[in-house]
Amino acid sequence: LLMLDVFQRPAPRPLRDHQAKAIEMLRQSLARKNHRVVLQAATGFGKTLTAAKIIEMALAKGKRVLFTVPRLSLVDQTVDEFTREGITDIGVIQANHPRTNPLAQVQVASVQTLARRTIPDDFGLVMVDECHETYQAIYDLMDRWPSVHFVGLSATPWAKGMGLRWQDLVQSITIGDLIEKGFLSRFTAYAPDVPDL
């Protein structure tokens, strides 16, 4: 019996207060008819866990989910983290990937792959990791699917032009509050007083 316990998948982690608040703020924004919402989540926020819970809610409503990452190196990491949170019906959109399964309810793809593929029109939610990095492939999907909800994730959602595509910004906790609550370490920043030009 003890050996079986070692190999069982760990229980999904519960949401922290700021993660639950972010999901509620996101839900309120979507209810106000915003279809393109950015969730600002600093390092240490627990962005992947929050994304997994958002995906679970979409799946419970019968929606397929497309989760995009900006680099190929993040595909497997994202799949592993979602699997750890109990999401198992995952396919990967990438050439010759062992997890390729076009019928899976959750699809993970790099933006570079999306630019070269024809994507089916049956997704109800698109999550864009590092949405401050602008890619035409994401904008093309936004134009093609005007009624689909897009949720962007970023620690630094301040790239020029984001406001032309994204309709709302959700921030449930600041970096200072994450430090105060012990989720991030205090830091000291160093910079030159007067640059030597």
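**Comments concerning unusual backbone geometry**
Phi is positive for Asn 96, which is not a glycine, with a value near 55°. With respect to the secondary-structure elements, Asn 96 resides in the loop between strand E3 (90–93) and strand E4 (106–110). In the Ramachandran plot, Glu 130 falls in the positive-phi region, its phi being about 55° despite a non-glycine side chain. Locating Glu 130 in the fold gives a position in the loop between strand E5 (123–129) and helix H6 (136–144).

**Side note on the pairing of E5**
By the criterion of burial, E5 is predominantly enclosed, with seven of the seven residues buried. Where E5 and strand E6 (residues 149–154) come together, five bridges link them in parallel fashion. When the sheet's bridge partners are listed, Met 127 is paired in E6 with Val 151.

**A short note on the pattern of salt bridges**
When the charged atoms of two side chains with opposite charge come close together, those side chains can pair. The tally for this structure, following the rule as stated, stands at eleven salt bridges. One salt-bridge network, in which partners are shared between bridges, spans Lys 47, Asp 129 and Glu 130.

Each value, and the rule that gives it
Residues numbered from 1 in each chain as written. Predicted model: local features only at pLDDT ≥ 70, side-chain atom pairs only at ≥ 80, totals over all residues. Heavy atoms only, no water. Helix = DSSP H or I, 4+ residues; strand = E, 2+ residues; numbered from the N terminus. Buried < 20%, exposed > 50% of the residue type's maximum accessible area, 1.4 Å probe, protein only. Pairing = 2+ DSSP bridges. Salt bridge = Lys/Arg side-chain N within 4 Å of Asp/Glu carboxyl O.

Read these as geometric descriptors, not functional statements.
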